[in-house]
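Analysis of the macromolecular model
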Amino acid sequence: MKDSSSPTGALRLRVQGRVQGVGFRYSTIEVARRFRVTGYVMNLPDGSVEIVAEGEPAELTAFLDAVRRMPVYRNVTGEELGRAPPTGRYADFRIRFS
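What comes next is a walk through the structure. (Residues numbered from 1 in each chain as written. Predicted model: local features only at pLDDT ≥ 70, side-chain atom pairs only at ≥ 80, totals over all residues. Heavy atoms only, no water.)

**Considerations on the packing of aromatic side chains**
For the record, the criterion: In this scheme Phe, Tyr and Trp rings, the latter by its six-membered ring, pair at centre separations within 6.5 Å, and the angle between planes marks the pair as stacked below 30 degrees, edge-to-face above 60, and tilted otherwise. The numbering of helices and of strands both runs from the N terminus, where a helix is a DSSP run of H or I of at least 4 residues and a strand a run of E of at least 2. The classification of residues rests on relative accessible area computed with a 1.4 Å probe and restricted to protein chains. Under 20% of the type maximum is buried, over 50% is exposed, and intermediate values are partly exposed. Charge-over-ring contacts are defined here by two conditions on Lys NZ or Arg CZ: a distance within 6 Å of the ring centre and an angle within 35 degrees of the ring normal.
Summed over the entire model, instances satisfying the criterion amount to 4 aromatic pairs. Plain terms: the ring middles of phenylalanine 35 and phenylalanine 63 are 6.4 Å apart, the flat faces sit at 75° to each other, and that makes the pair edge-to-face. One end of the pair, phenylalanine 35, is in the loop between α1 (24-32) and β2 (37-43); the other, phenylalanine 63, is in helix α2 (residues 57-68), with 28 residues separating them in the sequence. Judged on exposure class, the residue phenylalanine 35 and its partner phenylalanine 63 are both buried. One aromatic cluster is present, built from ring pairs that chain together Phe35, Phe63 and Phe93. Just above the ring of tyrosine 40 sits the side chain of arginine 96; from NZ or CZ to the centre is 4.3 Å.

**Examining α1**
Counted only if it meets this: The arc in question is traced by the directions running from the helix axis to the C-beta atoms. Between two residues, a contact is recorded if the distance between any of their heavy atoms is within 4.5 Å.
Considered for burial, the residues of α1 that qualify are Phe24, Arg25, Thr28, Ile29, Val31 and Ala32. The buried residues of α1 all sit within an arc of 160° when viewed along its axis, so they share a single face. Turning to α1, the residues buried within the fold contact β1 (9-17), β2, β3 (49-55), α2, β4 (76-84) and β5 (93-95).

**Details of the environment of valine 52**
Examined against the element boundaries, valine 52 turns out to sit in strand β3. Valine 52 gets classed as buried once you look at its relative accessible area, which sits at 5%. For valine 52, the contacting residues outside a window of four places in its chain are Leu11, Arg12, Thr38, Gly39, Tyr40, Tyr90 and Phe93.

Just distances and angles here, no functional claims.
Shown next as structure tokens:
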């Protein structure tokens, strides 16, 4: 029997543009709190931001839609979205520092 608390999907979103120093990570945390997703958001050395989220497919879709509607998302000039099997290793959603 499958553990109902285990995530069933995962996504990795990398956004480019003016996304560091504008509150992008903190806005993402606020959005994540509205959904049952776990994972992290992190600044990358090249100036982009990475979001890794795990959860039920419907929650992931709603989370991604909400992230794309954040006011700071208007600074995004490119994105790379990938889907993957979940790892189940995240207890919550937080900002990751390296």
